[in-house]
Amino acid sequence: MLGRLGALWGLLGVSLLIGWAVVRLTPMAVEAWGMPWGMIEWLVAVPWLVFMLVGEGYRGFQKGFAPRVAARARYLRDHPRALHVLLAPLFCMGFIHATRKRRIVSLAVTSGIVVLILAVRMLPQPWRGIIDLGVVAGLSWGLVAIAAFGVRALTTERFDHPAETPDEEQGRDA
């Protein structure tokens, strides 16, 4: 029971974090639509949106982050520890009980995102809204991917995505 609660809390917590970002960024993206756009804004907005859907949504979330989050939720379901269950969203994002490489990558990506958020906040409209539009699209794709992979990870017999835990790393070395 503890493992199931941890897995669900992990998936829900990660989804709430991403959903909160979508909710916070959407008004800025919508505000940009209310401003006059010239050719340059369209020439930036359309490729940016496509880039974010492919780069962040498909490659970042669907091919990387979402299956890993789901695999870690499945691992937590099958190997519950009280602290990991309590911190399940952090566990599922790879900040705790992860391989050294996974922890470093998770911290580096999170730090990079924070820097980008601070930089984008300084942009005037419609540029901030154009950037936020792409981010909202990519994050929304990510939410769907996390839900889909989460359901598969917790309901199927096999889920062939690595959880990147120290246990898996030791199994490869043996």
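Report follows, based on the coordinates. (Residues numbered from 1 in each chain as written. Predicted model: local features only at pLDDT ≥ 70, side-chain atom pairs only at ≥ 80, totals over all residues. Heavy atoms only, no water.)

**Here's the deal with the nonpolar core**
Step number 1: Within the largest apolar cluster, 30 residues are counted, with the highest numbers of intra-cluster contacts made by V14, I18, F65, L139 and I146.
Step number 2: Mapped by element, the contributors of at least two residues to this core are helix 1 (2-33), helix 2 (39-78), helix 4 (88-92) and helix 6 (127-155).
Step number 3: When residues of this core are assigned to their parent elements, the largest contribution, 10 residues, is made by helix 2.
Step number 4: Leaving out residues up to four positions away in the same chain, I146 has contacts with L11, V14, S15, I18, F61, F65 and A66. (Core = buried A, V, L, I, M, F, W, Y, C linked by side-chain atoms within 4.5 Å. Buried < 20%, exposed > 50% of the residue type's maximum accessible area, 1.4 Å probe, protein only. Helix = DSSP H or I, 4+ residues; strand = E, 2+ residues; numbered from the N terminus. Contact = heavy atoms within 4.5 Å.)

**Some words on a nonpolar patch on the surface**
Step number 1: Side chains of W33, W42, V46, V50, V54, Y58 and W141 sit close together on the surface and give an oily, nonpolar patch of about 640 Å² of accessible area.
Step number 2: By residue number, the principal contributor to the nonpolar patch is helix 2, which donates 5 residues.
Step number 3: Its place among the elements puts W33 in helix 1.
Step number 4: By relative accessible area, which is 46% here, W33 ends up partly exposed. (Patch = residues over 30% accessible without salt bridge, like charges linked within 9 Å, V, L, I, M, F, W, Y side chains within 5 Å. Areas by Shrake-Rupley, 256 points an atom, 1.4 Å probe, with all protein chains shown as cover. Salt bridge = Lys/Arg side-chain N within 4 Å of Asp/Glu carboxyl O.)

**Focus on helix 1**
Helical periodicity: at 3.6 residues per turn, an α-helix aligns residues three or four positions apart in one direction.
Step number 1: If you check helix 1, its first and last C-alpha atoms are 46 Å apart, about what 32 residues at 1.5 Å a residue would give, namely 46 Å.
Step number 2: Along helix 1, the helix axis deviates most sharply at L25, where the bend reaches about 30°; the proline P27 sits within four residues downstream. (Expected span 1.5 Å × (residues − 1). Bend = angle between axes of the 7 residues up to and from the residue.)

**Observations regarding unusual backbone geometry**
Step number 1: In this structure, the amide linkage connecting Q125 to the following residue, P126, adopts the cis form with an omega of 5°.
Step number 2: Within the fold, P126 resides in the loop between helix 5 (100-120) and helix 6.
Step number 3: Notably, H97 is not glycine yet its phi reads approximately 45°, a positive angle.
Step number 4: Tracing the chain through its elements places H97 in the loop between helix 4 and helix 5.
Step number 5: On the basis of relative accessibility, which here comes to 16%, the residue H97 falls in the buried class.

**Some points on the environment of V23**
Step number 1: By the element assignment, V23 lies in helix 1.
Step number 2: For the pair V23 and V136, spaced 113 residues apart in the sequence, the C-alpha separation amounts to 8.6 Å.

**Some thoughts on the packing of aromatic side chains**
Step number 1: Summed over the entire model, instances satisfying the criterion amount to 8 aromatic pairs.
Step number 2: Between the aromatic rings of Y58 and W141, the centroid separation amounts to 6.3 Å while the plane-to-plane angle is 65°, which identifies the pairing as edge-to-face. Pair noted here: Y58 is in helix 2 and W141 is in helix 6, with a separation of 83 residues, a long-range link.
Step number 3: With a centroid separation of 6.1 Å and 20° between ring planes, the pair formed by Y75 and F91 is classed as stacked. In this pair, Y75 is assigned in helix 2 and F91 in helix 4, connecting sequence segments 16 residues apart. There is no split in this pair, since Y75 and F91 are both buried.
Step number 4: Ring pairing ties together the aromatic residues W33, W37 and W42, which thus form one cluster.
Step number 5: Lying across the ring of F91, R72 places its NZ or CZ 4.4 Å from the centre. (Phe/Tyr/Trp six-rings, centres within 6.5 Å; stacked < 30°, edge-to-face > 60°. Lys NZ or Arg CZ within 6 Å of the ring centre and 35° of its normal.)

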